[in-house]
Amino acid sequence: AQTVTQSQPEMSVQEAETVTLSCTYDTSENNYYLFWYKQPPSRQMILVIRQEAYKQQNATENRFSVNFQKAAKSFSLKISDSQLGDTAMYFCAFSRYGGSQGNLIFGKGTKLSVKP
Amino acid sequence: DAMVIQNPRYQVTQFGKPVTLSCSQTLNHNVMYWYQQKSSQAPKLLFHYYDKDFNNEADTPDNFQSRRPNTSFCFLDIRSPGLGDAAMYLCATSRKGNRATEAFFGQGTRLTVV
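Residues numbered from 1 in each chain as written. Chains lettered and ligands numbered in written order. Predicted model: local features only at pLDDT ≥ 70, side-chain atom pairs only at ≥ 80, totals over all residues. Heavy atoms only, no water.

**Describing the state of the cysteines**
Residue and element names in this part refer to chain A. Threshold: Any cysteine sulfur atom paired with another within 2.5 Å is treated as part of a disulfide. For the purposes of this entry, the term helix denotes a DSSP run of H or I that reaches at least four residues, the term strand denotes a run of E that reaches at least two, and both are numbered from the N terminus. Accessibility here uses a 1.4 Å probe with only protein chains present; expressed as a share of the type maximum, an area under 20% marks a residue as buried, one over 50% as exposed, and anything in between as partly exposed.
Counted under the stated rule, the structure contains two disulfides over all chains. The side chain of Cys23 participates in a disulfide bridge whose partner is Cys92; the two sulfur atoms lie 2.0 Å from each other. Between Cys23 and Cys92 the disulfide shows an S-S torsion of about -70°. By sign, it is left-handed. Of this pair, Cys23 sits in the loop between β3 (19-21) and β4 (24-26) while Cys92 sits in strand β10 (residues 88-96); the two residues are 69 residues apart in sequence, bridging distant segments of the chain. According to the relative accessible area criterion, Cys23 is buried, its value standing at 2%. Relative accessible area serves as the criterion here: at 0%, Cys92 is assigned to the buried category.

In structure tokens, the structure reads:
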């Protein structure tokens, strides 16, 4: 069975600084998807970034980038130039390749606060 | 805007009284999911529909049922809610197959059991 672990329940960062959220996972599969989802207070969960395990290049979306270490089963999210709107719960998630990408196993989440 | 809509946002039900939560989508996705998210916990998949095919997670209690009458709508039925069923229920959709997509989530329905 797959598991996803986020070891940082809460983090804070000053506006404009950089923060890294950690995620590790366990799976015996070779191909899969990894995601970071953002859940702002009282708003719906939205996708931040997606990584396909068979791609060695780390995914990047504007200020968001990942450090994907397949052998170590590590998938961290770096947020550069943090903004107040980045304040949210961040979930790391795993999905099997070839299945439905919405069939997700989530970590417990990291609550990120961006301070002015 | 195309989206996933859940109604109601807040639902209060009595212990043991059946309750139905609804979800609709305008994305024309072929997969719809229901997740349960208890306070300070990770969302947990209850079941999903791939078109009309129902897929139940092994550890989803029998108390939880789902219906998908058409592509756009999906319902979560809780036959006899207990206090432990109080949670946020998230509906999500995705496309599987050609032009597969990630999951798109609704805002959730927060269920309180009294």
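**Here we look at the nonpolar core**
Residues and elements named next belong to chain A. Put simply, the rule reads: For the purposes of this section, nonpolar cores are sets of buried Ala, Val, Leu, Ile, Met, Phe, Trp, Tyr and Cys residues that join through side-chain atoms within 4.5 Å. The criterion used for residue contact is that any of the two residues' heavy atoms lie within 4.5 Å.
Counting 25 residues, the largest nonpolar core has Tyr25, Trp36, Phe75, Leu77 and Tyr90 as the members making the most contacts within it. Elements with a contribution of two residues or more to this core: β3, β5 (32-39), β6 (46-52), β8 (64-69), β9 (74-79), β10 and β12 (110-115). If one sorts the elements of this core by residue count, β10 sits on top with four residues. Leaving out residues up to four positions away in the same chain, Phe75 has contacts with Cys23, Tyr25, Leu34, Phe35, Trp36, Gln51, Val66, Asn67, Phe68 and Cys92.

Purely geometric stuff here, so don't read any function into it on its own.
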